[in-house]
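Per-entry structural report
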Amino acid sequence: MTRWTNGVDETSAVSPDITDETNALPADCFTDPEIWELEKETIFEDYWLYAGHANCIPEAGDYFTRTIGDRQVIVARDKEGEVRVFYNVCAHRGSKMVEETPMSDPDNMGRIQCPYHLWTYDLDGSLRSTPKSFEEASLNPDLDDDEVSGLDPDENGLLEVQTDNIGPLVFLNFSDDPPVSLDEQAGKMKTRLESLPLGEYEHARRYVSEVECNWKTFAGNYSECDHCQANHQDWIKGIQLDESELEVNDYHWVLHYTHEEDVEDELRIHDEHEAQFHYFWPNFTVNMYGTADGYGTYIIDPIDEERFQLIADYYFADPDLSEEEEEFVRTSRQLQEEDFELVERQYDGLRSGALAQAQLGPNEHTLHRFHRLVQEAYEA
């Protein structure tokens, strides 16, 4: 049952069975700043996170940056054509090296150079060169030049982050010993996405929005569609919600939406006559639309316990969109803005402190799975 903050009801752990009374996360998991600090260690360090799309950095030296929590990384293509990820931190004294560079506007560099003391690295992260002041002791009267030890290029190289990929989608993991591989975390989603020609599509649009609510609040909204009938009237006109399906896997879930009228084959990247919204734990979605020959990726990036940033990217065969494709993106953007209003209203209620623990409905089993994964991460 619902637990109120009334001095009597006590919260409990999320039950394994959605039909049990306490089937949702306690409300303070969404509002407590200490919980967000815990999540940075137990969720955003241990699990595979979306870094970006390889198509946006096609040439050697192309790069963009990605900020996740307190960490900023450089995602770059090396001279061998491999995509590598490094902390944006110089091995000398820890300076940030390159300025923030979004995936939608990547840059190119022959080498990675720190502007502070000009330590320079190859695209494989190894130390390439340092100024003379690190090779001789001309300003230190207590040392002779021959007493200066050389710097090993590998031991003084950049700190690399583990990467793996699903087609052109690049993922990273900050843990030295991840609890699961990307294959295990992605499960069926990996096979499904790799069967599609994702790499043949080009980045066409990006929208970045800052929203005033906890990231888990928005993740919950994207994990169910019980709210769609009342809040997405324009979108559901062409959807048969009663014939839709919510599929739950270990670390991802899929919302399958059947259209009332069949659409032409050339309007879909996949074969199924439906839309597929894949939610990949913890904060990434891949949307395969049923009425547009393209796909979208959404990153739900936490800023702190009260704010997140939604990064929405759209991919089409041609980045110069047709009028119909532009209209499709506008409709998608409308859905996002409708959802922003919903989750900010929900978060206002959570911050009031009145609710101690919510009660999920029987069709919110995808959201229940999300809440269970969050709790399991807290307990790990």
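A brief report on the enclosed structure follows.

**Some remarks on the layout of surface pockets**
Roughly 560 Å³ of internal volume is contained in the largest pocket. Lining the largest pocket are 31 residues; nearest its centre among them are W235, F277, Y289, S332 and L335. Mapped by element, the contributors of at least two residues to the lining of the largest pocket are helix 7 (233-236), strand 14 (252-259), strand 15 (274-280), strand 16 (284-288) and helix 8 (323-351). For the lining of the largest pocket, the element with the highest residue contribution is helix 8, accounting for 7 residues. Across the lining of the largest pocket, the residue classes tally to 14 nonpolar, 13 polar and 4 charged.

**Some words on the sheet that holds strand 8 (residues 120-121)**
Spatial ordering of the open sheet is given by 7-8-9, a layout of 3 strands whose pairing is antiparallel. Each edge of the open sheet carries a strand with a single partner, namely strand 7 (112-113) and strand 9 (127-129). In this sheet, strand 8 lies alongside strand 7 in antiparallel orientation, the contact comprising 2 bridges. For I112, the partnering residue across the bridge sits in strand 8 and is Y121.

**A closer look at the nonpolar core**
One finds F171, L172, L193, W281 and F370 to be the most contacted residues of the largest nonpolar core, which totals 93 residues. Every residue in contact with F171, bar those within four places of it in the chain, is listed here: W48, L49, Y50, A51, Q162, T163, D164, N165, I166, L182, F280 and F284. Core analysis: the next-biggest nonpolar cluster, separate from the first, contains 15 residues, C90, M97, C114 and L158 among them.

**Description of the side chain of H278**
With respect to the helices and strands, H278 occurs in strand 15. At 3.2 Å, the side chain of H278 forms a polar contact with the side chain of Q276. Those residues within four positions of H278 in sequence are excluded, and the remaining contacts are M189, R192, H252, W253, V254, F284, T285, V286 and N287.

**Remarks on the environment of I239**
Along the chain, the position of I239 falls in strand 13 (residues 239-248). On the basis of relative accessibility, which here comes to 5%, the residue I239 falls in the buried class. Counting along the chain gives 35 residues from I239 to E274, while the straight-line C-alpha distance between them is 9.1 Å. Residues contacting I239, with those up to four places away along its chain left out, are S244, Y257, T258, H259 and E260.

**A look at the sheet that holds strand 4 (residues 71-77)**
Reading across from one edge, 2-11-10-5-4-3-6 is the order of the 7 strands in this open sheet, with antiparallel pairing throughout. Bordering the open sheet on either side are strand 2 (49-53) and strand 6 (107-108), each of which pairs with just one other strand. Relative to strand 5 (residues 83-87), strand 4 runs antiparallel, the two sharing 5 bridges. Looking at the pairing, V73 lines up with Y87 of strand 5.

**Side note on the environment of Y207**
Along the polypeptide, Y207 turns up in strand 12 (residues 202-211). The exposure class of Y207 is partly exposed, given its relative accessible area of 27%. Here the alpha-carbon distance between Y207 and R333, two residues 126 residues apart in the chain, equals 8.4 Å. With near-sequence residues (within four places) excluded, Y207 lies in contact with L310, I311, A312, Y314, V329 and R333.

**Re the packing of aromatic side chains**
Aromatic ring pairs are reported here in terms of the distance separating the ring centres and the angle at which the planes meet. Under the definition given, this model contains 25 aromatic pairs. With a centroid separation of 5.3 Å and an interplanar angle of 5 degrees, the aromatic rings of W253 and Y279 are classed as stacked. Taken together, the positions of W253 in strand 14 and Y279 in strand 15 put the pair 26 residues apart, joining distant regions of the chain. Residue Y279 is classed as buried on the basis of its relative accessible area, which comes to 1%. Ring plane angle 70 degrees and centroid distance 4.6 Å describe the contact between Y289 and F328, whose orientation is recorded as edge-to-face. On the criterion of sequence distance, the pair formed by Y289 in the loop between strand 16 and strand 17 (294-304) and F328 in helix 8 is long-range, its members being 39 residues apart. On the basis of relative accessible area, Y289 is assigned to the buried category, the value being 6%. Each member of the aromatic cluster is reached from another via a ring pair, and the members are W36, F44, Y47, W215, Y251, W253, Y279, W281 and F370. We note R71 situated over the ring of F174; from NZ or CZ to the ring centre the distance is 4.6 Å. Stacked on the ring of F30, the Lys or Arg K216 has its end atom at 5.2 Å from the ring centre.

**Regarding helix 2 (residues 33-42)**
Since one α-helical turn is 3.6 residues long, residues separated by three or four positions face the same way. Of the positions making up helix 2, those classed as buried are I35, W36, E39, K40 and T42. As for helix 2, its buried residues are in contact with helix 1 (28-31), strand 4, helix 5 (215-221), strand 17 and helix 9 (365-379). Sitting at the head of helix 2, D32 places a side-chain oxygen 2.9 Å from the backbone nitrogen of E34.

**Overview of helix 8**
The end-to-end C-alpha separation of helix 8 is 42 Å, in line with the 42 Å expected for 29 residues at 1.5 Å each. Within the sequence span of helix 8, burial applies to F328, V329, S332, R333, L335, Q336, D339, F340, L342, V343, Y347 and L350.

**Focus on the packing of helix 2 against helix 9**
One can describe the packing of helix 2 onto helix 9 by two numbers: an axis separation of 9 Å at closest approach and a directional angle of 85 degrees. As the angle between them shows, helix 2 and helix 9 are arranged roughly perpendicular. Contact residues: helix 2 offers I35, L38, E39 and T42, while helix 9 offers V374, A377 and Y378. Of the residues that constitute the contact of helix 2 with helix 9, the class distribution is 5 nonpolar, 1 polar and 1 charged.

The rules we used
Residues numbered from 1 in each chain as written. Predicted model: local features only at pLDDT ≥ 70, side-chain atom pairs only at ≥ 80, totals over all residues. Heavy atoms only, no water. 1 Å grid on protein atoms, 1.4 Å probe; cavity = no way out; pocket = protein on both sides within 12 Å on 5 of 7 lines; lining within 4 Å. Points joined across faces, edges and corners; volume = space filled by probe spheres on them. Helix = DSSP H or I, 4+ residues; strand = E, 2+ residues; numbered from the N terminus. Nonpolar A, V, L, I, M, F, W, Y, C, P; charged D, E, K, R; others polar. Pairing = 2+ DSSP bridges. Core = buried A, V, L, I, M, F, W, Y, C linked by side-chain atoms within 4.5 Å. Buried < 20%, exposed > 50% of the residue type's maximum accessible area, 1.4 Å probe, protein only. Contact = heavy atoms within 4.5 Å. Polar contact = N/O pair within 3.5 Å; in protein donor to acceptor, adjacent residues only side chain to side chain. Phe/Tyr/Trp six-rings, centres within 6.5 Å; stacked < 30°, edge-to-face > 60°. Lys NZ or Arg CZ within 6 Å of the ring centre and 35° of its normal. Expected span 1.5 Å × (residues − 1). Axes fitted to C-alpha atoms, helices over the stretch in contact; angles between N-to-C directions. Parallel < 35°, antiparallel > 145°, perpendicular 65-115°, else oblique.

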